[in-house]
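Each chain is listed here by its residues.
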Amino acid sequence: MLDTLVQSLRAAAAAEASFGCCLLFGEERYPYEFLNRGLTRLVELDHTIETYDAASITLSEFLASVSAPSLFARRKIVHLKNSHNYQKKDLEKLLEWLEAQIVLDPESVVVTYLFMSAPGLDGRSRLVSRLKKNKFKVVKSGKLKPYEVEGRLKKRVQAANIAIDGQVLNALVHLHEANLTLLEQEVDKMMLYVGPKGCIDHKVVDLLGIDGGGGNVFTFGDALSEGRLVDALIILDILKRARTESILIIAMISRQFRLLSRAGSPEVSRLSLTDMAKVLKVPNFVVKKLVRQVKGWSAPGCAEVLTVLHDADIALKSSQLPKEIILERVVLKIAALR
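Bear in mind that the values here come from a model prediction, so they are computed numbers and not experimental data.

How each quantity is defined
Residues numbered from 1 in each chain as written. Predicted model: local features only at pLDDT ≥ 70, side-chain atom pairs only at ≥ 80, totals over all residues. Heavy atoms only, no water. Helix = DSSP H or I, 4+ residues; strand = E, 2+ residues; numbered from the N terminus. Buried < 20%, exposed > 50% of the residue type's maximum accessible area, 1.4 Å probe, protein only. Contact = heavy atoms within 4.5 Å. Pairing = 2+ DSSP bridges. Axes fitted to C-alpha atoms, helices over the stretch in contact; angles between N-to-C directions. Core = buried A, V, L, I, M, F, W, Y, C linked by side-chain atoms within 4.5 Å. Parallel < 35°, antiparallel > 145°, perpendicular 65-115°, else oblique. Left-handed = near helix turned anticlockwise from the far one by under 90°. Nonpolar A, V, L, I, M, F, W, Y, C, P; charged D, E, K, R; others polar. Salt bridge = Lys/Arg side-chain N within 4 Å of Asp/Glu carboxyl O. Patch = residues over 30% accessible without salt bridge, like charges linked within 9 Å, V, L, I, M, F, W, Y side chains within 5 Å. Areas by Shrake-Rupley, 256 points an atom, 1.4 Å probe, with all protein chains shown as cover.

(A) Representation of the side chain of Ser-246 within the structure. Relative to the helices and strands, Ser-246 is located in helix H12 (residues 246-263). Take Ser-246: its relative accessible area is 9%, and that puts it in the buried class. The contacts of Ser-246, once residues within four sequence positions are left out, are Leu-316, Lys-323 and Leu-327.

If you want it as structure tokens, here you go:
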């Protein structure tokens, strides 16, 4: 997916390139950010980029604008955002324009490359099939696999002449669910801290607090409710090293299972995702996870988990046992209930 976008950006940047086109569609956000960064880089290399939004410009206005030579360069690269907003008849006219560009004399070409980004486009659209028929690039935006994310981050770090512990990188990717947008941001912070010829290891991660805090408390709750015992123990260890309060951890697990209990109730489970989000007072993406997780839990099971957490809360406040032991027992008892 990203490799295809890279190929398209390189083709657009080639001197005296023949006309080309690349359509990016689908709901995953990161590839759109990747494309925008690539186009920004082309601007930095003195290429002329014109950007239009189909949500605010008619197709006729768009075609008139792109067909006019640029004041700054004879040839230009164009980015049309939200092309899914155009009606079927307009998309047909756009296709006709695209196909006409193929047969133009290279000397008379104004637009050398057209990028279209359409998050709301259906993959069964005629636009997709016709672009493929004409050998143009079509990229469906999807979530990258963990190994792909790990590979991209490793290249990013190596390009800066910095080393990174393989176990640290693997843990970061795993615990942040291969969220490349977040991971790039966090890795960039660490690279800035260690500098060229430095090394990103567990000490750097702990020192900067990148892997601790509230975000991992939620990830910890997800691991428990999904029955991922090993993941839960790994995240718990990170939370402990980040000095996260034990009471906070117990409170967040309690919140997770109260939500699961309500999501699985007859009066809530039959609601739409939007209505369920309103009732539970959580974002839609959280509801989607709850709907998936609740399948592994009955109402009595959730009640037993809450009993375990109640007992742990008392133990944390009164027992002589180390807090780490109490929390680990919580994980093991919840895992046994699933």
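Let us keep going from here.
(B) Spatial organisation of the sheet that holds strand E3 (residues 76-81). Spatial ordering of the open sheet is given by E2-E3-E4-E1-E5, a layout of 5 strands whose pairing is parallel. Each of the sheet's edge strands pairs with one partner strand only, and the pair in question is strand E2 (49-53) and strand E5 (137-140). Going from strand to strand, the sheet's axes swing by 15° on average, the running direction of each strand aside. Where E3 lies against strand E4 (residues 111-118), 6 bridges are found, and the strand directions are parallel. In the sheet register, Lys-81 faces E4, and the bridge partner there is Ser-117. Docked against the sheet, helix H1 (residues 2-13) engages strand E1 (20-25), E3, E4 and E5, running at close to 150° with respect to E4. Its contacts with the sheet place helix H5 (residues 126-133) against E1, E4 and E5, and it is angled at close to 145° to E1.

(C) Summary view of the pairing of E3. Within E3, 5 of the 6 residues are buried, which leaves the element mostly enclosed by the surrounding structure. Two elements, E2 and E3, share 5 bridges in a ladder whose sense is parallel. Its bridge partner being in E3, Tyr-52 is matched across the sheet by Leu-80.

(D) Examining the nonpolar core more closely. Counting residues in each nonpolar core, the largest one holds 36 residues, and the members touching the most others are Ile-77, Phe-115, Val-149 and Leu-153. The set of elements that each furnish at least two residues to this core consists of H1, E1, helix H2 (30-44), E4, helix H6 (146-159), helix H7 (166-175), helix H8 (180-194) and helix H9 (202-208). At 6 residues, the largest contribution of residues to this core is made by H2. Setting aside residues no more than four positions away along its own chain, Ile-77 makes contact with Ala-12, Leu-39, Leu-42, His-47, Thr-48, Ile-49, Glu-50, Thr-112, Tyr-113 and Phe-115. Counting residues in each nonpolar core, the second largest holds 34 residues, with Ile-235, Ile-253, Val-305 and Leu-327 among its members.

(E) Local environment of the packing of H12 against helix H16 (residues 299-318). Where H12 meets H16, the closest approach of the two axes is 10 Å, and the angle between their N-to-C directions is 165°. The angle between H12 and H16 places the two elements in the roughly antiparallel class. Two packed elements cross with a definite hand, and for H12 against H16 that hand is left-handed. Of the residues in H16, those in contact with Ser-246, Ile-247, Ile-250, Ile-253, Ser-254, Phe-257, Arg-258, Leu-260 and Ser-261 of H12 are Cys-302, Val-305, Leu-306, Leu-309, Ala-312, Asp-313, Leu-316 and Lys-317. Of the residues assigned to the contact of H12 with H16, the class counts are 11 nonpolar, 3 polar and 3 charged.

(F) Geometry of unusual backbone geometry. Even without being a glycine, Asp-46 presents a positive backbone phi close to 75°. Relative to the assigned elements, Asp-46 resides in the loop between H2 and E2. Its relative accessible area of 72% is what places Asp-46 among the exposed residues. Of note in this structure, Asn-82 is not a glycine but carries a positive phi near 55°. By the secondary structure assignment, Asn-82 is in the loop between E3 and helix H4 (88-102).

(G) Geometry of the packing of H6 against H8. The interhelical angle for the contact between H6 and H8, taken along N-to-C directions, is 25°, at an axis separation of 11 Å. By the angle between their axes, H6 is roughly parallel relative to H8. As H6 runs across H8, the sense of the crossing is right-handed. Between H6 and H8, the contacting residues are Val-149, Arg-152, Leu-153, Arg-156 and Val-157 on the first element and Leu-180, Leu-183, Glu-184, Val-187, Asp-188 and Met-191 on the second. Its residues assigned to classes, the contact of H6 with H8 shows 7 nonpolar, no polar and 4 charged.

(H) A look at the pattern of salt bridges. Per the counting criterion, the structure on display carries 16 salt bridges. With a closest N to O distance of 3.2 Å, Glu-92 and Arg-130 form a salt bridge. Placement of the pair is Glu-92 in helix H4 and Arg-130 in helix H5, with a sequence separation of 38 residues. Arg-130 gets classed as buried once you look at its relative accessible area, which sits at 11%. With its nearest N and O atoms 3.1 Å apart, the salt bridge here joins Arg-156 to Glu-184. A residue pair is termed long-range when its members are at least 10 positions apart, and Arg-156 in helix H6 and Glu-184 in helix H8 qualify at 28 residues. The partly exposed category is assigned to Arg-156, whose relative accessible area is 30%. Look at the salt bridges and you will find they share partners, linking Arg-37, Arg-156, Glu-184 and Asp-188 into a network.

(I) Local environment of a nonpolar patch on the surface. The grouping of Leu-229, Leu-233 and Leu-332 at the surface amounts to a nonpolar patch, some 220 Å² of accessible area in total. Here Leu-229 lies in helix H11 (residues 229-241). Residue Leu-229 is classed as partly exposed on the basis of its relative accessible area, which comes to 32%.

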